[in-house]
Amino acid sequence: MGTSSTSHFPLDPASASALAATGLEYALVDPDGDGFDPFLRSVARGFLDEEPSADQVESARESLRARRLTGVFDRAGVAPDAPVATVDSWSSELTVSPGRSLPLWAISAVTVAPTHRRRGIATALLTGELRTAAAAGYALAGLTVTEATIYGRWGFSPAAWASDVVVDTRRARWTGPQAPGRLDFVSPSSLPERLSEVHERIRVRRPGAVPGWEGRWRGLAGLLPDAKDGKKVRAVAYRDTDGVQRGILVYTLEEGEQYVAHELQVRALFADGDEALAALWRFALEHDLVGRVKAELQPAVPPVQWMVADRRAVAATLTDHHWLRVLDVPGALASREYSAPLDVVIGVDDPLGFADGVWSLRIGEDRTAVVERTDAEPEVRMSVNALASLLLGGVRATELAVAGLIAGEPATLGAIDGAFAPAAAPLLDIWY
Ligand SMILES: CC(C)(COP(=O)(O)OP(=O)(O)OC[C@H]1O[C@@H](n2cnc3c(N)ncnc32)[C@H](O)[C@@H]1OP(=O)(O)O)[C@@H](O)C(=O)NCCC(=O)NCCS
């Protein structure tokens, strides 16, 4: 759903020769072949996870079958079939403005064995992914990151943010809307389908969002083999007065310092509409024997702040979450709908070349853009990183200019802010 295989694209020759020059082999890994087990073990080691069980390998094989898996092999090592570096990628879809989306080259599982670190292997893998994606016609690549220090060097930059939310439920007191529908407990085994159904409706309206996949929903539901908290998972579904399922809350409860102050940990809170959002948050905040509710990947300014008597009972910590890389400037900029007309010439600096150049961006009364290469003098200058951060309107040009990341006259930057203002704050509500 929302994804298709990219495994038929050839391996990037430049990365293959850069790796070969250091005695390493760059190769695709067949998810159905013998190489999958060692591939997955290398990924688990890279992310500091335990060794996967045979059941976990089979379950991951199902999830990753639609992906392009690439490994780097050191055939002189004691385990020549175990990759010393890994990456996977697939064709996803990014919502750029409500109801409009763009194919996205999604990247994950970037690992380099600690025995082979800092020799340029990640550079070969990431630049190889970008060249392959660009050659295949993708305007954007994207990923979610473990550290904020790694991917800027290849032109990635945050484009959608998310908040980790912690609510002290004893201070909060619900003052939000009363939802007219009903809540019911639902079984964990029903969750993959329910989560997928609700999320598909939400993500097409939310800039920054991408589709999930069966393995992601099974993970949130605690249904993956050997899941640590699998038996603790509980879930409620909200149905509106017409009986349509509008929201799902998946959570676990952890005993706090006292029995009466458990912590409710949200694994997923997907709400299709304001009613469902209020119903699910109210359920969480008013749960008996709970003193604290924790939820990751919430909107940057979480709406629940406006639904409680003491807004300071809601602490929200902002993190960069969705990192994008522009590969094709006209393809990326012309994909979204804008908030105001604009006529501006933008100079983009891209050391890797993909987006480098001077571009005319004209947004008409119909709020759509025409983007062309031009010889005109740029009115604003920015790095390809800054362009990715601006794309969905999650940060203002005037803010990036304060940090020296965009140069231009204040009036021009103000006009860009007006045009790029998003219809909804960009948010990515899953990890990928
Ligand atoms: C992050 C990781 C993939 C980097 O691999 P690597 O092969 O050592 O990276 P490279 O040798 O290609 O380094 C390229 C550049 O990035 C820098 N770099 C690499 N990892 C970095 C990090 N974690 N923080 C800051 N800089 C980093 C290098 O110093 C180098 O800089 P230079 O170009 O100025 O010399 C590797 O450390 C790893 O597997 N980490 C654990 C798993 C992980 O976090 N993966 C990311 C998932 S989102």
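Calculation notes
Residues numbered from 1 in each chain as written. Predicted model: local features only at pLDDT ≥ 70, side-chain atom pairs only at ≥ 80, totals over all residues. Heavy atoms only, no water. Near = heavy atom within 4 Å. Polar contact = N/O pair within 3.5 Å; in protein donor to acceptor, adjacent residues only side chain to side chain. Areas by Shrake-Rupley, 256 points an atom, 1.4 Å probe, with all protein chains shown as cover. Helix = DSSP H or I, 4+ residues; strand = E, 2+ residues; numbered from the N terminus. UniProt positions renumbered as here; feature names shortened; annotations may be inferred. Salt bridge = Lys/Arg side-chain N within 4 Å of Asp/Glu carboxyl O. Buried < 20%, exposed > 50% of the residue type's maximum accessible area, 1.4 Å probe, protein only. Pairing = 2+ DSSP bridges. Axes fitted to C-alpha atoms, helices over the stretch in contact; angles between N-to-C directions.

Draft legend 1. Expanded view of the site of the ligand. Residues in contact with the ligand amount to 20 residues; listed here are only the nearest, Val110, Val112, Arg118, Gly120 and Glu147. With respect to the ligand, the side chain of threonine 146 contributes an N or O atom lying 2.9 Å from an oxygen atom. Bound to the protein, the ligand loses 72% of the 900 Å² it would expose on its own. The set of elements that each furnish at least two residues to the shell around the ligand consists of strand E4 (100-112) and helix H4 (121-135).

Draft legend 2. Main features of the UniProt feature "domain: Enhanced intracellular survival protein" (unreviewed entry) in the protein chain. Residues given the UniProt feature "domain: Enhanced intracellular survival protein" (unreviewed entry) here are residues 329-427. In this annotation, residues 329-427 is assigned 30% helix and 27% strand; the end-to-end C-alpha distance for the span is 22 Å.

Draft legend 3. Spatial organisation of the pattern of salt bridges. Applying the stated criterion across every chain, the model contains 30 salt bridges. One salt bridge in this structure joins aspartate 37 and arginine 41, with 2.6 Å as the shortest N-O distance. Of this pair, aspartate 37 and arginine 41 both sit in helix H2 (residues 36-46), 4 residues apart, which is roughly one turn of that helix. One salt bridge in this structure joins arginine 61 and glutamate 58, with 3.0 Å as the shortest N-O distance. A residue pair is termed a helical-turn pair when its members lie 3 or 4 positions apart in one helix, as arginine 61 and glutamate 58 do in helix H3 (residues 54-64) at 3 residues. On the accessibility criterion, arginine 61 (13% relative accessible area) is buried. For glutamate 58, a relative accessible area of 42% corresponds to the partly exposed category.

Draft legend 4. Structural detail: the sheet that holds strand E3 (residues 85-97). Here we have 12 strands laid out as an open sheet, ordered E1-E2-E3-E4-E5-E12-E6-E11-E10-E9-E8-E7, and mixed in their pairing. A strand with exactly one partner marks an edge of an open sheet, and here the two such strands are strand E1 (25-29) and strand E7 (182-185). For this sheet, the mean angle separating the axes of adjacent strands, direction not counted, is 30 degrees. Looking at chain direction, strand E6 (residues 157-168) and strand E11 (residues 290-298) are connected through 5 bridges and run antiparallel. Its bridge partner lying in E11, aspartate 168 is registered against arginine 292.

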